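Examining the three-dimensional arrangement
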Amino acid sequence: MTNSVKDDDQQIKKLLKKITCPHCLHIFGPEEILWVSVHSDLRGDARLDPPGAPPYAYFRFLPTRFDLDGNAIDARGQSCHDLACPRCHLVIPWPLIDTPCLVFAIFGSPGSGKSFLLASMSWTLRQSLHKMFGLDFGDADPQSNATLNQYEESLFFRQDSDKPVPVRDLIRKTQYTESSLFDTVYIGSQELKYPKPFLFEIKAGINHPDWNALSGNSRIVCLYDSAGESFQALSDDNDRLVTTAYLATARALIFLFDPMQDPRFVSACRKVTGDSVDLGVNTAIRQDTVLRETAARVRRLMKLKQGALHDRPLIVVVNKWDVWRPLVQIDPSEKPIILRKGRTVHSLDKDRLEEISATIRELLLAHCPEIVSSAEAFCRKVIYIPASALGHTPTPNPDHIDPVTGQPVTTIRPSQIDPWWTDLPLVYVISREAREFVESVRRPSTASN
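Residues numbered from 1 in each chain as written. Predicted model: local features only at pLDDT ≥ 70, side-chain atom pairs only at ≥ 80, totals over all residues. Heavy atoms only, no water.

1. Remarks on the overall build of the chain
Helix and strand counts for the chain stand at 11 helices and 23 strands. Out of the 449 residues belonging to the chain, those deemed buried represent 52%. Residue pairs in contact within the chain that sit at least 24 positions apart in sequence constitute 72% of those at least 6 positions apart. With an accessible surface of roughly 20,900 Å², the chain has 49% of that area assigned to carbon and sulfur atoms. (Helix = DSSP H or I, 4+ residues; strand = E, 2+ residues; numbered from the N terminus. Buried < 20%, exposed > 50% of the residue type's maximum accessible area, 1.4 Å probe, protein only. Contact = heavy atoms within 4.5 Å. Areas by Shrake-Rupley, 256 points an atom, 1.4 Å probe, with all protein chains shown as cover.)

2. What to know about the packing of aromatic side chains
Under the criterion given, the structure shown has 12 aromatic pairs. Aromatic pair W123 and F156: ring centres 5.5 Å apart, planes at 20°, arrangement stacked. Residue W123 is located in helix α1 (residues 114-133), and its partner F156 is located in helix α2 (residues 146-156); the two are separated by 33 residues in the primary sequence. Its relative accessible area of 22% is what places W123 among the partly exposed residues. Among the aromatic residues, those joined into a cluster by ring pairs are F257, F265, W321, W324, W420 and W421. Above the face of the Y56 ring, R43 is positioned so that its terminal group lies 5.5 Å from the ring centre. (Phe/Tyr/Trp six-rings, centres within 6.5 Å; stacked < 30°, edge-to-face > 60°. Lys NZ or Arg CZ within 6 Å of the ring centre and 35° of its normal.)

3. Details of the environment of H310
Following the sequence through the fold, H310 ends up in the loop between α7 (287-302) and β17 (314-318). Judged by relative accessible area, which is 3%, H310 ranks as buried. H310 sits 70 residues away from R380 along the chain, and the two C-alpha atoms are 6.1 Å apart. Ignoring any residue separated from it by four or fewer positions in sequence, one finds H310 in contact with L253, V298, M302, L304, F378, C379 and R380.

4. Here we look at the nonpolar core
Formed by 124 residues in total, the largest nonpolar core has its most connected members in F107, L314, V316 and L364. A total of 9 residues in this core trace back to one element, the largest contributor, which is α1. When neighbours within four sequence positions are excluded, F107 is seen to be in contact with K114, F231, L247, L253, I254, F255, L256, V290, L291, T294, L314 and F378. (Core = buried A, V, L, I, M, F, W, Y, C linked by side-chain atoms within 4.5 Å.)

5. Here's the deal with the pairing of strand β14 (residues 198-204)
With respect to burial, β14 is a largely interior element, 5 of its 7 residues being buried. Of the pairings in the sheet, the one linking strand β10 (residues 135-139) to β14 comprises 5 bridges and is antiparallel in character. Paired with D139 across the two strands is F200, which belongs to β14. (Pairing = 2+ DSSP bridges.)

6. Describing the sheet that holds β17
Spatial ordering of the open sheet is given by β10-β14-β15-β9-β16-β17-β20, a layout of 7 strands whose pairing is mixed. In this open sheet, the two strands that pair with only one neighbour each are β10 and β20 (382-386). Strand-to-strand twist across the sheet, computed as the mean angle between neighbouring axes with direction ignored, equals 25°. Across the sheet, helix α9 (residues 350-367) lies against β16 (252-257), β17 and β20, angled at about 85° from β20, the strand it touches most. (Axes fitted to C-alpha atoms, helices over the stretch in contact; angles between N-to-C directions.)

7. Regarding α2
Side chains of residues three or four places apart in an α-helix project in the same direction, reflecting 3.6 residues per turn. Most of α2 sits inside the fold, with 8 of its 11 residues counted as buried. Taken together, the buried positions of α2 are T147, L148, N149, Y151, E152, S154, L155 and F156. Contacts made by the buried residues of α2 are with α1, β10, α3 (167-170) and β14.

8. Considerations on helix α10 (residues 369-376)
Residues of α10 that are buried: E370, I371, V372, S374 and A375. Against the buried residues of α10 lie β16, α6 (263-273), α7, β17, α9 and β20.

9. Things to note about the side chain of N71
You can see N71 is positioned in the loop between β6 (60-61) and β7 (83-84). Overall, N71 belongs to the buried group, its relative accessible area being 14%. Discounting residues that sit within four places of it in the chain, N71 has contacts with W35, R65, F66, C80 and H81.

10. Structural notes on the sheet that holds strand β23 (residues 440-441)
The 3 strands lie next to each other as β18-β19-β23, forming an open sheet whose pairing is mixed. The open sheet has two edge strands with one neighbour each: β18 (337-338) and β23.

11. Quick notes on the environment of R87
Relative to the helices and strands, R87 resides in the loop between β7 and β8 (91-92). Residue R87 is classed as partly exposed on the basis of its relative accessible area of 33%. Put simply, R87 and H23 are 64 residues apart on the chain and 10.0 Å apart in space, counted from C-alpha to C-alpha. Beyond its immediate stretch of four places on either side in the chain, R87 contacts C24, H26, R47, I187 and Y194. Of the polar contacts made by the side chain of R87, one reaches the side chain of Y194; its length is 3.0 Å. (Polar contact = N/O pair within 3.5 Å; in protein donor to acceptor, adjacent residues only side chain to side chain.)

12. Thoughts on the pattern of salt bridges
With the rule as written, the count across this model stands at 24 salt bridges. The residue R126 makes a salt bridge to D139 at a minimum N-O spacing of 2.9 Å. Within this pair, whereas R126 is found in helix α1, its partner D139 is found in strand β10, the two being separated by 13 residues in sequence. With a closest N to O distance of 2.5 Å, R264 and E370 form a salt bridge. Here R264 is found in helix α6, whereas its partner E370 is found in helix α10, with 106 residues between them in sequence. Accessibility expressed as a relative area gives 38% for R264, which makes it partly exposed. A network of salt bridges, in which partner residues are shared, links D351, E354, K381 and R442. (Salt bridge = Lys/Arg side-chain N within 4 Å of Asp/Glu carboxyl O.)

Read these as geometric descriptors, not functional statements.
Right, here's the structure in full:
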């Protein structure tokens with residue numbers, strides 16, 4: 001492995017001194033990275049092929065020969081192109097060897113809508129970061145993002161977008177053993193499941209006012225989609241501890257709270273909406289236990305004292321805002337993002353964001369106070385943000401009858417999907433972790449606070 005690589009602009013970029021595998025989170029030097037053979041005779045890898053199964057995965061190796069382009073040459077003389085982690089042997093996308101990576105963890109209870117939020121978040125960020133902040137936000141590795149891209153297409157790229165679609169058919173619920181979201185690795189006698197990362201690159205666009213200064217300065221944003229069951233307390237949770245180990249490396253934690261899983265919140269909605277709105281009520285779930293279990297797991301992974309506050313920020317995203325909107329006086333069209341005089345790119349309005357956070361906190365205290373106490377017993381910094389992955393409330397459709405229950409199925413027209421603020425949690429954490437890309441500002445009277 002050479003000490004530098006060229007990006008698409010033919011600029012020399014130095015390799016990171018330490019690379020973190022996005023799968024198993026192993027940290028290693030660039031000289032340890034493995035290459036993936038390409039010759040069909042070189043199949044068989046003890047960490048990727050199930051025990052007793054015929055050789056299938058291409059052999060991983062530490063190279064001694066390279067071609068003129070710097071690519072490793074395998075044992076059959078073929079030039080190779082893919083890299084792999086020296087521990088788990090899973091493929092390491094090229095951008096991760098020379099670009100710093102920011103891991104953001106999204107977690108929540110089963111059925112809370114994490115996959116919907118991820119799809120809506122990534123799709124909205126592709127537009128909003130470019131339009132408002134002059135940034136390019138796109139796939140760092142299209143192969144890693146294949147599943148998430150399918151989610152986006154299901155929500156936003158249907159050919160017959162005016163045809164009602166059952167909400168449950170838009171994105172299937174993530175299963176703990178979902179093969180499209182996990183890779184299985186065999187280390188000794190142990191079978192481990194690692195979540196597949198979703199990888200995005202963020203960098204200044206050509207029209208950004210500071211493009212010259214920021215040129216060549218980019219970040220990888222890494223997200224995961226793990227089943228809600230992975231965050232529930234179990235008597236023997238070693239597998240889930242491995243599955244959610246990225247929680248300890250995350251620069252920010254995003255907890256998705258589904259108010260329609262809380263009977264008290266649902267009751268408050270019904271007092272305002274009556275029976276005129278279908279709330280799409282899910283099975284009632286104690287979501288504070290997910291927060292408490294996640295906090296315990298992070299402390300265990302990071303070897304923190306019991307009860308110690310985590311230094312990373314926690315963003316509590318209160319989902320399905322389209323349903324409970326009457327409970328708060330917040331206008332979805334007034335996102336806390338402003339364009340300051342003399343600037344061509346927007347800034348995050350930190351004061352307004354904190355005002356919104358305080359309003360949502362009061363709402364949660366009124367109806368489910370244990371969510372607030374669990375969150376604030378977990379992290380030093382907690383921000384509360386309302387969001388809606390769909391921006392439109394699905395309704396029961398008498399033309400779609402469930403064959404089991406005999407009841408109308410809840411449907412939505414994809415053309416009506418218009419997300420509310422799903423990009424805001426990432427805009428906020430980027431403003432904290434990569435301030436050169438997203439500026440956060442205070443009003444003059446509070447700038448010194």
